[in-house]
Amino acid sequence: MIENGDYAVQYGGEDAYMEQEEEWEREGLLDPAWEKQQKKTFTAWCNSHLRKAGTSIENIEDDFRNGLKLMLLLEVISGETLPKPDRGKMRFHKIANVNKALDFIASKGVKLVSIGAEEIVDGNLKMTLGMIWTIILRFAIQDISVEEMTAKEGLLLWCQRKTAPYKNVNVQNFHLSFKDGLAFCALIHRHRPDLIDYSKLSKDNPLENLNTAFDVAEKYLDIPRMLDPDDLQNTAMPDERAVMTYVSSYYHCFSGAQKAETAANRICKVLKVNQENERLMEEYERLASDLLEWIRRTMPWLNSRQSDSTLAGVQKKLEEYRTYRRKHKPPRVEQKAKLETNFNTLQTKLRLSNRPAYMPTEGKMVSDITNAWKGLEHAEKAFEEWLLAETMRLERLEHLAQKFKHKADTHEEWTKGKEEMLQSQDYRNCKLNELKALKKKHEAFESDLAAHQDRVEQIAAIAQELNSLEYYDCVSVNARCQRICDQWDRLGALTQHRRQGLDEAERILEKIDLLHLEFAKRAAPFNNWLDGAREDLVDMFIVHTMEEIQGLIQAHDQFKATLGEADKEFNVIVGLVRDAEAIVKQEQVPGGLVNPYTTLTADAVSRKWSEVRALVPQRDQTLANELRKQQNNEMLRRQFAEKANSVGPWIERQMDAVTAIGMGISGSLEEQLHRLKEYEQAVYAYKPSIEELEKIHQAVQESMIFENRYTHYTMETLRVGWEQLLTSINRNINEVENQILTRDSKGITQEQLTEFRSSFNHFDKNRTGRLAPEEFKSCLVSLGYSIGKDKQGEMDFQRILAVVDPNNSGYVQFDAFLDFMTRESTDTDTAEQVIDSFRILASDKPYILPDELRRELPPDQAEYCIQRMPPYKGPNAIPGALDYMSFSTALYGESDL
């Protein structure tokens, strides 16, 4: 009936079936019931297709005799249009129609043997069944292909694989293996477990099993009953063709579901990646907003330069700043590192899933956060420098204020009663010698007044310096200084007026007591010297270095060297007083013990001299205490320098080692990652050294030490170096992990990564981790990438450069270079593949309905698609239709996802 050929070989061969039938007939095994089974099965199969055209057949050997329904059947199952049939009722009209059908079958590569139009028109059942079986083979079983087997073998293998897990099912053929009905039930349960409870089926109830399978297939799967359970049970060996025809309907029904499942899995995979990316984007936005808000709140405090102008207030601010550096900033440093790590991981995942790069919202770019962080660090440095400078300024102000008060108290004590004395008219009622004594006394006062001029100028100079340094109590200082200056002017005027009175009376009184005069002349400067020495010995001082305290000690030693001469002068002055007393006692001069030339007495000079001698050892002790303090400060400087000179080079060495690993100079990525984590552990293990250095630094600041000539490292530079080392390690670990992720997900070998890194490092001469455009071009050429030297080659290179440097920064980073080389050597999902998957779920419609998404996808991802898919606006749109093409394109292009 069918000639052997490629078609016969591929699909099992009709001749093979004929030969098998002849062999069964010779052996007496051919069952007459097979023809009956074929007739029922083929009739049901034909009706399953003819109903699509609104018709059916009842008797297969009679209803195809005129050829009309036969041509209609071929048009339905092939989707093609046959020649127009003849509408006449004559025999030759019927033969012509059947020939048109047979010619169409032959055009599909099937050579018919022994089947002619006359046999079909005459109602030959055997020939009609053979023709229908030929059509079934060509149009129902031809498309079945499993591992390049023939259609029959492939269909059998499909049944074996699908029913393998089921008990009491062993499919070895298309007759006895399906007789008890369990194989049919297993096929349905494997694909639609909700339709049959397989655990309740029994091999001992074949009719119940067959009826269950046929009823469920007809009701829920739209597969008509092509077999009769009674025929299958009452036949020793059911007809193979009938069973194959019915089983092929199962195959075509479930193969579509399998395609939908594959399409749904692809969509789930794509949507899951997209949901994870959106979560990372939202986390980045949250962390970036929180960090930027913290910086925004912190900056006004760091930029504030307001204080209560007291040393205690500034020291309190300094302690608050130290608390900020110890407690508040370290968590933010970790947050910044985590933010950069999450951003790099997100960009890597986007590149690996063929998504566009993530662009944070305006003001939250990594560069914005870096700039804000740099601004914070600059503000911190400026704030700390201001605190230290303000501390030094206020300390000096306190010292100047104490010095001003001491000198003003001394001056006011000296001026007490001077105005009353100068306004006195006592010289008008005294004797000549008393007058001359008053005159000499006045001359001594003038000498003393001139000596005090320098003290008044010192008081004014101190007040002016307090004003220039903005001392908080400048009002009272200025008022007191003004009172002293006004009083000084009055003293000068009164002194001049009294001298004029004494000169007028001098013409009358000329007796001069030379001895008292000599005392006055010597005692006045000596008294001034004593006052100055006493002020110097109790003078407050502030020093910051050993050289300054040693200078004070040297000056004090020089002062002590002059005490011998001062003692001689004191003895001379005391000797003058003794001589005067001797003369008064000897000569009995009234009022002779009162020195008319000075208010100073030998007792006063002796008291001051004793005070000076007593102050000298006190000054020695004060200087010795300050010397010990400066020696302790020197020890702190050396301790800090010794520790800093150890920590600083260690940080630099670790930074160089981490940078070398980050360049990928040697070892695999896993080895690089292992070494980086070892360095990370070593760095955290070294943290106690940093904390110890912080304690020493705090002691240095509390001791008011502002300079250290033993080291060029400062605590600020070491803190910045420590933070940069932690950031560098975290960033390099993240980059290596992303490279491993790229390698594993894209199928790139270690040798390829090593080649990419070696080529990149070769042209990165300065080890900056980036390449200029010309260096990048040379690197591509070294890897075998062909770039022409003509205009077209330059255009191609500019296109590549736009991909690896989208921001037009003028440099190509290694991760962008690796991403480009990865895309050049691997393939990823595309928008077209996702569109094709959605098209399968939508049954080839240009739109998809929410119910279809909920049926084929998991609930969360179905709702995700429904919320984000735009409405379909194309022709023939129905309510609720969604545009899956625009949605798929948005996943791989510019979008707000």
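Everything numeric in this text was worked out from a predicted model, so none of it was measured.

**Quick look at the overall build of the chain**
Along the chain, the regular secondary structure elements total 33 helices and two strands. Within the span of the chain, comprising 897 residues, buried residues form 46% of the whole. Summarising the internal contacts of the chain: among those between residues at least 6 apart in sequence, 75% fall at separations of at least 24. As displayed, the chain offers around 46,000 Å² of accessible surface, 50% of which is attributable to carbon and sulfur atoms.

**Considerations on the packing of helix 5 (residues 68–78) against helix 8 (residues 125–141)**
At a closest axis distance of 11 Å, the pairing of helix 5 and helix 8 adopts a crossing angle of 10°. Considering their axes alone, helix 5 and helix 8 lie roughly parallel with respect to each other. Considering only the axes of helix 5 and helix 8, their crossing is right-handed. The segment helix 5 lies against helix 8, with Leu70, Leu74, Ile77 and Ser78 engaging Met131, Ile135 and Phe139. When grouped by side-chain class, the residues that make up the contact of helix 5 with helix 8 number six nonpolar, one polar and no charged.

**A short note on the nonpolar core**
Ile135, Phe178, Phe184, Ile188 and Tyr250 are the most contacted members of the largest nonpolar core, which has 76 residues in total. When neighbours within four sequence positions are excluded, isoleucine 135 is seen to be in contact with Trp45, Leu70, Leu74, Ile77, Ile105 and Ala140. Judged by nonpolar contacts, the second largest core, of 42 residues, contains Leu302, Leu350, Cys474 and Cys481.

**What to know about the layout of surface pockets**
One number sums up the size of the second largest pocket: a volume of about 820 Å³. Every residue lining the second largest pocket is counted, 26 residues in all, and those nearest its centre are Arg325, Arg326, Pro330, Lys687 and Glu694. Those elements giving two or more residues to the lining of the second largest pocket turn out to be helix 14 (311–352), helix 23 (669–685), helix 24 (687–702) and helix 25 (715–746). For the lining of the second largest pocket, the element with the highest residue contribution is helix 14, accounting for nine residues.

**Let's talk about the packing of aromatic side chains**
Summed over the entire model, instances satisfying the criterion amount to 25 aromatic pairs. Considering the side-chain rings of tyrosine 246 and tyrosine 250, the 5.0 Å spacing of their centres and the 70° angle between planes classify their relative orientation as edge-to-face. In this pair, tyrosine 246 and tyrosine 250 both sit in helix 13 (residues 240–303), four residues apart, roughly one turn of the helix. An identical accessibility class is assigned to tyrosine 246 and tyrosine 250; each is buried. Ring geometry for tryptophan 414 versus phenylalanine 445: centroids 6.1 Å apart, planes at 0°, classification stacked. Placement of tryptophan 414 in helix 15 (residues 366–415) and of phenylalanine 445 in helix 17 (residues 432–468) is noted, with a sequence separation of 31 residues between them. In this structure, tryptophan 414 and phenylalanine 445 share a single accessibility class: buried.

**Some thoughts on the pattern of salt bridges**
Taken as a whole and assessed by the stated rule, the structure comprises 51 salt bridges. Residue arginine 192 is joined to aspartate 194 by a salt bridge in which the shortest nitrogen-to-oxygen separation is 3.2 Å. Looking at aspartate 194, the relative accessible area reads 54%, which means it is exposed. Several salt bridges converge on common partners, so that one network encompasses Arg325, Lys329, Glu380, Glu694, Glu716, Arg719 and Glu723.

**Some points on unusual backbone geometry**
Its identity as a non-glycine residue notwithstanding, asparagine 808 has a phi of 55°, on the positive side. Examined against the element boundaries, asparagine 808 turns out to sit in the loop between helix 28 (791–804) and strand 2 (812–813). For asparagine 876, which is not a glycine, the phi torsion comes out positive at approximately 60°. Mapping asparagine 876 onto the fold places it in the loop between helix 32 (859–868) and helix 33 (884–891).

**Side note on helix 10 (residues 182–191)**
Structurally, the α-helix is built with 3.6 residues per turn, so residues lying three or four positions apart point the same way. The buried count for helix 10 comes to seven of ten residues, which makes it a mostly enclosed element. Residues Leu182, Ala183, Phe184, Cys185, Ala186, Leu187 and Ile188 constitute the buried set of helix 10.

**Things to note about the side chain of arginine 455**
Topologically, arginine 455 is positioned in helix 17. Within the structure, the side chain of arginine 455 is placed 3.0 Å from the side chain of histidine 452, a separation counted as a polar contact. Each residue touching arginine 455, except ones within four places of it in the same chain, is listed here: Thr410, Asn528, Asp531, Gly532 and Glu535.

**So, the environment of tryptophan 529**
Residue position: tryptophan 529 is located in helix 19 (residues 514–538). Residue tryptophan 529 is classed as partly exposed on the basis of its relative accessible area, which comes to 29%. Taking the C-alpha atoms as reference points, tryptophan 529 and alanine 566, separated by 37 residues in sequence, lie 9.2 Å from one another. Setting aside residues up to four positions removed in sequence, tryptophan 529 forms contacts with Phe559, Thr562, Leu563, Ala566 and Trp609.

**What to know about helix 14**
In this model helix 14 runs 60 Å from its N-terminal to its C-terminal C-alpha over 42 residues, within 8% of the 62 Å that 1.5 Å per residue would give. Asparagine 354, located one to two residues past helix 14, shows a positive phi value of around 60°.

**So, the environment of histidine 516**
Following the sequence through the fold, histidine 516 ends up in helix 19. Along the chain, histidine 516 and alanine 580 lie 64 residues apart, while their C-alpha atoms are 6.9 Å from each other.

**Thoughts on the confidence of the model for the chain**
When pLDDT is averaged along the chain, the result is 80; 89% of the residues meet or exceed 70. Contacts of residues 1–14 to residues separated by more than four positions or lying in other chains number 40 contacts, the stretch itself having pLDDT below 50.

Reading the values: the criteria
- Residues numbered from 1 in each chain as written.
- Predicted model: local features only at pLDDT ≥ 70, side-chain atom pairs only at ≥ 80, totals over all residues.
- Heavy atoms only, no water.
- Helix = DSSP H or I, 4+ residues; strand = E, 2+ residues; numbered from the N terminus.
- Buried < 20%, exposed > 50% of the residue type's maximum accessible area, 1.4 Å probe, protein only.
- Contact = heavy atoms within 4.5 Å.
- Areas by Shrake-Rupley, 256 points an atom, 1.4 Å probe, with all protein chains shown as cover.
- Axes fitted to C-alpha atoms, helices over the stretch in contact; angles between N-to-C directions.
- Parallel < 35°, antiparallel > 145°, perpendicular 65-115°, else oblique.
- Left-handed = near helix turned anticlockwise from the far one by under 90°.
- Nonpolar A, V, L, I, M, F, W, Y, C, P; charged D, E, K, R; others polar.
- Core = buried A, V, L, I, M, F, W, Y, C linked by side-chain atoms within 4.5 Å.
- 1 Å grid on protein atoms, 1.4 Å probe; cavity = no way out; pocket = protein on both sides within 12 Å on 5 of 7 lines; lining within 4 Å.
- Points joined across faces, edges and corners; volume = space filled by probe spheres on them.
- Phe/Tyr/Trp six-rings, centres within 6.5 Å; stacked < 30°, edge-to-face > 60°.
- Salt bridge = Lys/Arg side-chain N within 4 Å of Asp/Glu carboxyl O.
- Polar contact = N/O pair within 3.5 Å; in protein donor to acceptor, adjacent residues only side chain to side chain.
- Expected span 1.5 Å × (residues − 1).
- pLDDT = per-residue confidence, 0-100.

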